[in-house]
Structures are given as structure tokens and as C-alpha cells.
Amino acid sequence: QVQLVESGGGLVQAGGSLRLSCAASGRTFGSYAIDWFRQAPGKEREFVAAHSWNGGSTYAADSVKGRFTISRDNAKNTVYLQMNNLKPEDTAVYYCGARRTAARPGPGINYDYWGQGTQVTVSS
């Protein structure tokens, strides 16, 4: 089992920044990679950002590329999502998800565990 807890969401004006955290725990945590997703009202959950299996590379959706950065602190078992230059269309519930390191990042079916989500609201 892997437990994921997101934090750091809130209300911010357009152009502002937020940093989300995803704290992971569990006996098998070392076998998993943690990535970020979001779900806006009335829309399906979409991929936001991921690490490669060895952490050497990162990937981001085109809609957030250049503005959002995924990073991690292995000592704290925590993955972060730094979000800069936020736009109203970034408003969503943000989730972190855990996949086996060999699984391809992106498709939701590849994720075994999810956090409860944290709300991000960007006002115009």
C-alpha cells in the first residue's frame, strides 16, 4: 500500500504562484513514481507532470510547459509541483498518483494509488 497526501492548494490571482506537495508513505513506496494530475469541473482528469523512472527527466503537459515544474525530495518522500504564472484555466482539483516505476507516465490506468486532491482556484 502507498498513501498519498496532497497539500498547498488555495486561491490565487492570475499571474501568481503556488507550490503543491504530495507526501508519500507506505511499505512499497520505493517501487513507485509519483506524478501530478488535475481535474477541472465537468472535465476528465488530465495528466500534468511526471518524472522519468530514474528521476533524470521530467515531462509536462503542453498546457503547463514552461510554467509548472515537478521536483522531489527523496529524503522527505515528497513530490512537489511548482506552479508559476497561473491562469484561470488552471483552476482544478490537483491530484498526485503513484505508478510502478516501469509503467509509462500519463495514462490514468497505469496508476495504482491516488491522493484525495487539493483545490487550486485562480481568479482573473
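Look up: the structure comes first, before these words.
Cut-offs and rules
Residues numbered from 1 in each chain as written. Predicted model: local features only at pLDDT ≥ 70, side-chain atom pairs only at ≥ 80, totals over all residues. Heavy atoms only, no water. Buried < 20%, exposed > 50% of the residue type's maximum accessible area, 1.4 Å probe, protein only. Helix = DSSP H or I, 4+ residues; strand = E, 2+ residues; numbered from the N terminus. Pairing = 2+ DSSP bridges. Disulfide = S-S within 2.5 Å. Phe/Tyr/Trp six-rings, centres within 6.5 Å; stacked < 30°, edge-to-face > 60°. Lys NZ or Arg CZ within 6 Å of the ring centre and 35° of its normal. Contact = heavy atoms within 4.5 Å.

What to know about the pairing of strand β4 (residues 32–39)
Next up, step 1: Here β4 lies mainly inside the structure; 7 of its 8 residues are buried.
Next up, step 2: Here 8 bridges tie β4 to strand β9 (residues 92–100), and the two strands are oriented antiparallel to one another. Looking across to β9, one finds that Trp 36 is bridged to Cys 96.
Next up, step 3: Across 3 bridges, β4 lies against strand β5 (residues 46–51) in antiparallel orientation. Note on β5: the bridge partner recorded for Trp 36 is Ala 49.

Quick word on the state of the cysteines
Next up, step 1: Within the structure shown, the criterion is met by 1 disulfide.
Next up, step 2: The disulfide that involves Cys 22 links it to Cys 96, with 2.1 Å between the sulfurs. Since a negative S-S torsion denotes a left-handed disulfide, the Cys 22-Cys 96 link at about 70° is right-handed. One end of the pair, Cys 22, is in strand β3 (residues 18–25); the other, Cys 96, is in strand β9, with 74 residues separating them in the sequence. Neither residue differs from the other here; Cys 22 and Cys 96 are each classed as buried.

Looking at the packing of aromatic side chains
Next up, step 1: If you walk through the whole model with that rule in mind, you get 5 aromatic pairs.
Next up, step 2: Centroid distance Tyr 32 to Tyr 113: 5.6 Å. Interplanar angle 70°. Geometry classified as edge-to-face. On the criterion of sequence distance, the pair formed by Tyr 32 in strand β4 and Tyr 113 in strand β10 (residues 111–114) is long-range, its members being 81 residues apart.
Next up, step 3: Aromatic pair Phe 37 and Trp 114: ring centres 4.9 Å apart, planes at 75°, arrangement edge-to-face. Here Trp 114 lies in strand β10 and Phe 37 lies in strand β4, a separation of 77 residues in the sequence.
Next up, step 4: The exposure class assigned to Trp 114 is partly exposed, which follows from its relative accessible area of 26%.
Next up, step 5: Members of the aromatic cluster, connected to one another through ring pairs, are Phe 37, Phe 47, Tyr 111 and Trp 114.
Next up, step 6: One residue, Arg 19, lies across the ring of Tyr 80, its end atom 4.1 Å from the ring centre.
Next up, step 7: Directly above the ring of Trp 114 sits Arg 45, whose terminal nitrogen or CZ lies 3.8 Å from the centroid.

Focus: the side chain of Ser 21
Next up, step 1: Relative to the elements of secondary structure, Ser 21 occurs in strand β3.
Next up, step 2: In contact with Ser 21, not counting residues within four places along its chain, are Val 5, Glu 6, Ser 7, Trp 36, Thr 78, Val 79 and Tyr 80.

Describing the environment of Val 122
Next up, step 1: Here Val 122 is to be found in strand β11 (residues 118–123).
Next up, step 2: You can call Val 122 buried: its relative accessible area is 6%.
Next up, step 3: Measuring from C-alpha to C-alpha, the distance between Val 122 and Leu 11 comes to 5.9 Å, with 111 residues separating the pair along the chain.
Next up, step 4: In contact with Val 122, other than residues within four places in its own chain, are Val 12, Gln 13, Ala 14, Leu 86, Lys 87, Pro 88, Asp 90 and Thr 91.

A short note on the environment of Ala 40
Next up, step 1: Among the structural elements, Ala 40 can be located in the loop between β4 and β5.
Next up, step 2: Relative accessible area serves as the criterion here: at 22%, Ala 40 is assigned to the partly exposed category.
Next up, step 3: Measuring from C-alpha to C-alpha, the distance between Ala 40 and Ser 17 comes to 18 Å, with 23 residues separating the pair along the chain.
Next up, step 4: Residues contacting Ala 40, with those up to four places away along its chain left out, are Thr 91 and Ala 92.

From the geometry alone we can't say anything about function, so treat these as descriptive.
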